[in-house]
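Chain by chain, the residues run as shown.
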Amino acid sequence: MSKSVRASISQGDAAVRRRSLAPSKLHDEPPPSTATAPTGRLMRSGGEQAERLLSAEERERYLGALKKIKTPKVVQGAVGAWSEKWESLMRGEKKEDLKKSWVINFDEPQETVQKQMKKGVRYVTSLAYGGHANQFISIGKLLYLAKLTHRVAIIPTLSPLHFEADPANISEFYDMARFWHESKIPFVEFSSLKPINQPTHHARPEASHASHPTKTQLETLPCWSVQEAVVGHANLYNSLDIHNMKIGYWPLPAKTMARAQPGNFDLAFDALRLFDADVGKKRQWLDMVKEEWLPQATVEGGDRMINRKDNLKEGFTLKGPEPDDQLLCFDNSLFMGPVMFGEAFPGEVPLEEDIPGEGYSWQEGTRYLFFNKKVEDTVDRYLTKMFGVDSPSKVPPFITVHLRRGDFKEFAGLTGLEVYQAAVERVREKLQKRLDAAPKTWRGPGLKNFRHWGLQATDYHVVTTTDEPTGSDFIKEVRSLGWKVLDHGEEGTVEKLGGWWPTILDAAVLARGQSFVGTDRSTFSHLAGLRVK
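The structure displayed is predicted, hence computed values, not measured ones.

Asker: Quick question: what am I supposed to make of the pattern of salt bridges here?
Answerer: Pairing is possible between side chains of opposite charge, provided their charged atoms come close. Inspection of the entire model under this criterion finds 26 salt bridges. Here Lys 99 makes a salt bridge to Glu 96, at a shortest N to O gap of 3.7 Å. In the salt-bridge network here, residues are joined through shared partners; they are Arg 122, Arg 151, Asp 276, Lys 282 and Asp 325.

Right under this line is the structure:
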């Protein structure tokens, strides 16, 4: 496979790795001890099925005898509790939502973060970094770290770095109630603690939440610098400035902290967890930092004498409040990573190969961040129009392709269209093998997606997203292949919905693919591949 393109076959609704399975649900099959009653089959003591079936009369007698058996009270209580749970689910009752009162003091944002933090509750947050895909991955890693450290994640406000728009809460585009229900990772949006105080860009037609009557106080938030530890310089983009927050940067003991994988510079979640837990060593490190004026910038000219106080790396002053235990802050959570292990045993179901970004933070956190109803409904409208059908249920299955262009011309070089074509054909071949096998002989993941369309892989449409401008020769060439293009210039997406929506809709449409082809080194493609898988 070309290094410029990554191809991913869809896994549908089924989990592709055992360690990626959805949270345990109530068992929807009868336990072995009661299997005879619903089926009416006579079972031997070892569970082996006898040849004859129970008659209706025998079955009634059998059920009557079961009712007379006395069950211990402790078992009755457990069964009763599960029965109530099951009945509530069957009645469609909602799961309990995460209440703000559990994690912060007031329903409305306050003039300081300190005023909102509840006594006895520990928090963790980070600054935004990069475009939307990088910010999204960073938030996923932040949420996973919150789970590991038993903290409440304070999700930073999304920052529109590559387009004109207002800062946005993650809940504007993602279903955060569902995230809580399925992950049980506690969180709160930064704007719930302290409002956004800055002029809006008015890039959305609807009223912005960015203006808030609360007058805020300037606060200094001390943050440990993950980025300095792995890259050599701090993340000086203060995305929390919109909340009237100043950042005080503090170095981590990088030389003694484990990396995520051999050859990987990401700091291991385990190392950060241990650093958080050992208050004594943390205190010793802070004393050393202040005594030796760390981190020191590189000095040119050999061993000449320098004033260490004046030679701190950019952004570091070692003034203001020190990092405290209640609010743990990092300048960049993107450069955190897991120490991964293989499966405990192979199992019977074939396993798919891992793809970029498929670590523990994805498996136990990020994958529960689904798009919300507003986004999904908008995608339905776009797709029904694209395919000329009158309802989302009539949209045919398709393969999605992310054609990354724009800044990649300088960053990684542009990938030729013929390379994407070759990757699509490879995906079709894999897809066809599963279509031929399902439903009788295919035992791998994704069976649900491959047993009801009644189509060949060559019948699957191709839907592409790209950052190429409307009407470019490249888009014309893509369309000449019979591929469909989600063209936001033609649709007037920004004018109708706002500056965030082309990015969000591209991501949501790519996730709808039955298979996926992306651009190598693009985190936007990595996310799309994970969602399809």
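Asker: Just to check I follow, could you spell out the environment of Val 517 for this structure?
Answerer: The topology assignment puts Val 517 in strand S15 (residues 515-519). With a relative accessible area of 0%, Val 517 lands in the buried category.

Asker: Can you help me understand helix H15 (residues 417-437) in this one?
Answerer: Counting along an α-helix, one turn takes 3.6 residues, and residues three or four places apart therefore face a common direction. Given a rise of 1.5 Å per residue, 21 residues ought to cover 30 Å, and the 31 Å separating the end C-alpha atoms of H15 matches this to within 8%. Listed as buried for H15 are Leu 417, Tyr 420, Ala 423, Val 424, Val 427, Arg 428, Leu 431, Gln 432, Arg 434, Leu 435 and Ala 437.

Asker: Even after reading the chapter, I still don't get the confidence of the model for the chain, so can you show me in this structure?
Answerer: The predicted coordinates ought not to be read in detail in places where the model reports low pLDDT. Averaged over all residues, the pLDDT of the chain equals 82, while 74% of them reach at least 70. Low pLDDT, under 50, characterises residues 74-82; the stretch is placed with two contacts to residues that sit more than four places away or in other chains. Overall, residues 199-211 carries pLDDT values under 50, and its contacts beyond four positions in sequence, including any with other chains, amount to 36 contacts.

Asker: I keep staring at the state of the cysteines and nothing clicks. Help me out?
Answerer: Any covalent bond linking the sulfur atoms of two cysteines counts as a disulfide. One pass over the full model with this rule turns up one disulfide. Here Cys 223 pairs with Cys 329 through a disulfide, and the sulfurs are 1.9 Å apart. Residues Cys 223 and Cys 329 are joined through a disulfide that is right-handed, its torsion about the S-S bond being 70°. Taken together, the positions of Cys 223 in strand S7 (residues 219-225) and Cys 329 in strand S10 (residues 327-330) put the pair 106 residues apart, joining distant regions of the chain. Residue classification places Cys 223 among the buried positions, given a relative accessible area of 0%.

Rules used in this analysis
Residues numbered from 1 in each chain as written. Predicted model: local features only at pLDDT ≥ 70, side-chain atom pairs only at ≥ 80, totals over all residues. Heavy atoms only, no water. Salt bridge = Lys/Arg side-chain N within 4 Å of Asp/Glu carboxyl O. Helix = DSSP H or I, 4+ residues; strand = E, 2+ residues; numbered from the N terminus. Buried < 20%, exposed > 50% of the residue type's maximum accessible area, 1.4 Å probe, protein only. Expected span 1.5 Å × (residues − 1). pLDDT = per-residue confidence, 0-100. Contact = heavy atoms within 4.5 Å. Disulfide = S-S within 2.5 Å.

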